[in-house]
Amino acid sequence: MNNLGITRKNPAGMPSPVGNYSHITKIPRNSELYVTSGQIGTDQNGNIPNTLNEQIDNTFANINFLLKSEQLTSDHIIKVNIWATEKIDWDYLYEKWAELFGIHYPSMTIGYLSELGLPEIKIEIEIWAAKA
C-alpha cells in the first residue's frame with residue numbers, strides 16, 4: 001500500500017504477471033476517480049512523429065502533463081490501457097514506464113489493433129487514477 005491508500009498486489013498462488021503490472025489495484029472507499037481519454041503521441045504543436053518510439057515519448061510526456069494538471073502523480077494511477085498498431089519495443093516502453101512508475105506498477109491491459117483514430121497513430125494510452 002502506498003501513502004495514498006492504494007494497494008497493488010499479485011495474489012499468492014497465481015501466476016506472476018508477464019510484464020510490469022499488478023494483477024490487482026485496490027482504491028480506498030470514497031476516492032475521487034480520474035479517467036483520461038486515450039493519450040497519443042502528438043507533440044506540443046499537434047504533430048505526430050512517424051516512429052512508434054517517438055510517439056511513446058510524446059505520449060508519456062502528455063500523460064505527465066495531464067497528471068500535473070490535476071495535482072496527481074503516478075502513485076494515483078490505478079489502471080493503464082494500452083493499444084498499439086504495431087509491435088511494441090518493450091525494452092523502450094518499459095524504460096519510460098520505469099521513469100513514470102518506478103517499481104510500483106498499476107494494473108494494465110495491452111491490445112494490438114489494426115487501426116486507431118487516425119492512420120498515423122501507432123499507440124494510445126488511457127489512464128485511470130484515484131485520489132482519496
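Peer 1: Would you mind going over the overall build of the chain with me for this structure?
Peer 2: The helix and strand inventory of the chain stands at two helices and six strands. Secondary structure of the chain in N-to-C order comes out as β-β-β-α-β-α-β-β. The C-alpha atoms of the chain give 15 Å as radius of gyration, which agrees with the globular expectation for 132 residues (14 Å, within 12%). Projected onto its principal axes, the C-alpha positions of the chain cover 40 × 35 × 25 Å. Here the analysis covers contacts within the chain between residues at least 6 apart in sequence; of these, 73% occur between residues at least 24 apart. Only carbon and sulfur atoms are counted for the fraction: they give 51% of the accessible area of the chain, which is about 7,600 Å². Separation of charge centres in the chain, based on 10 positive and 15 negative side chains, amounts to 13 Å.

Peer 1: Hey, could you run me through the side chain of His76 in this one?
Peer 2: By secondary structure assignment, the location of His76 is in the loop between α1 (52–69) and β4 (77–84). Overall, the relative accessible area of 6% leaves His76 in the buried class. Side-chain polar atoms of His76 contact the backbone nitrogen of Thr73, separated by 2.9 Å. Residues in contact with His76, not counting those within four places in the same chain, are Leu4, Ile6, Gln71, Trp128, Ala129, Ala130 and Lys131.

Here is what the cut-offs are and how they apply
Residues numbered from 1 in each chain as written. Predicted model: local features only at pLDDT ≥ 70, side-chain atom pairs only at ≥ 80, totals over all residues. Heavy atoms only, no water. Helix = DSSP H or I, 4+ residues; strand = E, 2+ residues; numbered from the N terminus. Rg over C-alpha atoms; globule rule 2.2 N^0.38 Å. Contact = heavy atoms within 4.5 Å. Areas by Shrake-Rupley, 256 points an atom, 1.4 Å probe, with all protein chains shown as cover. Lys, Arg positive; Asp, Glu negative; His and termini not counted. Charge placed at Lys NZ, Arg CZ, Asp CG, Glu CD. Buried < 20%, exposed > 50% of the residue type's maximum accessible area, 1.4 Å probe, protein only. Polar contact = N/O pair within 3.5 Å; in protein donor to acceptor, adjacent residues only side chain to side chain.

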